[in-house]
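Here's the letter readout for the chains.
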Amino acid sequence: MITRSNLAEQLREYQIRSKHDWASVSFFSSSSNPALSRVDIAIFVIWELVILAFLVFSAIALYFGHMKLAFILVCITLLLLLCMKITKHVRLARKKKRRMLLPLSM
C-alpha cells in the first residue's frame, strides 16, 4: 500500500542519490546544490578544461607579444563561459519540466 510516509521516504532517497557536490560545477552554479547527472558533470568538466586551455594559450600569446591573438582568445573564453551558463540553464529547465510531468510516486 502506498502511503504518504513511503512516498516521502522514496523522494528523500532519490534526492540523496541524485545529489552531487562537485566543486567545478558548483563554481558556475547559481545554487549550492545542482541536480545534474553524471553526463552533465562530464560535459561541464570538458568545457572547463577547454576554457582553461584558452586562458593558458592567451597567457602564452601575451608572453610572446601577440596582443591581438591574446585578446581574441580571451573573447573566445568569455563566449564559452556564456554558452556554458546558457546550456546549464536550458538543461535544468528541461529537467524541471520533465519532473513536473511525472506523477509523485515516480
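The structure presented is a predicted model; accordingly, all values stated were derived computationally and were not measured. (Residues numbered from 1 in each chain as written. Predicted model: local features only at pLDDT ≥ 70, side-chain atom pairs only at ≥ 80, totals over all residues. Heavy atoms only, no water.)

## A look at helix 4 (residues 67-101)
Note that an α-helix has 3.6 residues per turn; residues three or four places apart therefore point the same way. The line we're drawing: Numbering goes from the N terminus for both helices and strands, where a helix is a DSSP run of H or I of at least four residues and a strand is a run of E of at least two. For a helix, the expected span equals 1.5 Å multiplied by the residue count minus one. For each residue, the accessible area found with a 1.4 Å probe, counting protein chains only, is set against the maximum for its type, and the residue is called buried under 20%, exposed over 50%, and partly exposed in between.
End to end, helix 4 covers 52 Å across 35 residues, agreeing with the expected 51 Å (1.5 Å per residue, within 8%). Among all positions of helix 4, only Ala 70, Leu 73, Thr 77, Met 84, Lys 88 and Lys 95 are buried.

## Quick look at a positive patch on the surface
Selection criterion: Each patch is built from residues lacking any salt bridge and having more than 30% relative accessible area; the joining distance is 9 Å for like charges and 5 Å for nonpolar side chains (Val, Leu, Ile, Met, Phe, Trp, Tyr). For the area figures, the Shrake-Rupley method with a 1.4 Å probe applies, and any residue is considered shielded solely by the protein chains shown. By salt bridge we mean one thing: a side-chain nitrogen of Lys or Arg within 4 Å of a carboxyl oxygen of Asp or Glu. As used throughout, the charge tally considers Lys and Arg to be positive and Asp and Glu to be negative, leaving His and the chain termini uncounted. For this purpose, a charge sits on NZ of Lys, CZ of Arg, CG of Asp or CD of Glu.
A grouping of Arg 94, Lys 96, Arg 98 and Arg 99 is seen on the molecular surface, where their side chains present a positively charged patch. Examined against the element boundaries, Arg 98 turns out to sit in helix 4.

## What to know about the confidence of the model for the protein
The line we're drawing: Confidence scores per residue from the predictor, reported as pLDDT, run from 0 to 100.
Per-chain confidence: the protein averages 78 in pLDDT, with 75% of residues scoring 70 or above. Within the protein, helix 2 (residues 23-28) has the poorest average pLDDT of any element, 52, and helix 3 (residues 38-63) the best, 89.

## Digging into the side chain of Ser 58
Heads up, the condition is: In what follows, residue pairs with any heavy atoms lying within 4.5 Å of each other are defined as contacts.
In this fold, Ser 58 is placed in helix 3. With near-sequence residues (within four places) excluded, Ser 58 lies in contact with Ala 70, Leu 73 and Val 74.

## Examining the packing of helix 3 against helix 4
This is how the line gets drawn: Lines fitted to the C-alpha atoms define the axes, with helices restricted to the stretch that makes contact. Angles between their N-to-C directions range from 0 to 180 degrees. For this classification, under 35 degrees means roughly parallel, over 145 means roughly antiparallel, 65 to 115 means roughly perpendicular, and everything else is oblique. When the near helix sits turned anticlockwise from the far one by under a right angle, the crossing is termed left-handed; a clockwise turn instead gives a right-handed crossing. Classes in brief: Ala, Val, Leu, Ile, Met, Phe, Trp, Tyr, Cys and Pro nonpolar; Asp, Glu, Lys and Arg charged; the others, Gly included, polar.
Two numbers describe how helix 3 lies on helix 4: the axes approach to 8 Å, and their chain directions differ by 170°. Viewed along their axes, helix 3 and helix 4 adopt a mutual orientation that is roughly antiparallel. Between helix 3 and helix 4 the crossing geometry is left-handed. Classifying every residue of the contact of helix 3 with helix 4 by side-chain character gives 20 nonpolar, 3 polar and 5 charged.

## Details of the packing of aromatic side chains
This is how it is decided: By convention, a stacked pair of Phe, Tyr or Trp rings (six-membered ring in the case of Trp) has centres within 6.5 Å and planes under 30 degrees apart, an edge-to-face pair has planes over 60 apart, and any other such pair is tilted.
Evaluation of the coordinates by the stated rule reveals 1 aromatic pair. Aromatic side chains Tyr 63 and Phe 64 sit 5.2 Å apart centroid to centroid with 75° between the ring planes, which places their arrangement in the edge-to-face category. Overall, the relative accessible area of 68% leaves Tyr 63 in the exposed class. Of the residues examined, Phe 64 reaches a relative accessible area of 58% and is grouped as exposed.

## Section: a nonpolar patch on the surface
A cluster of nonpolar side chains, contributed by Leu 49, Leu 52, Val 56, Phe 57, Ile 60, Tyr 63 and Phe 64, occupies part of the molecular surface with about 800 Å² of accessible area. Mapped onto the secondary structure, Tyr 63 falls in helix 3.

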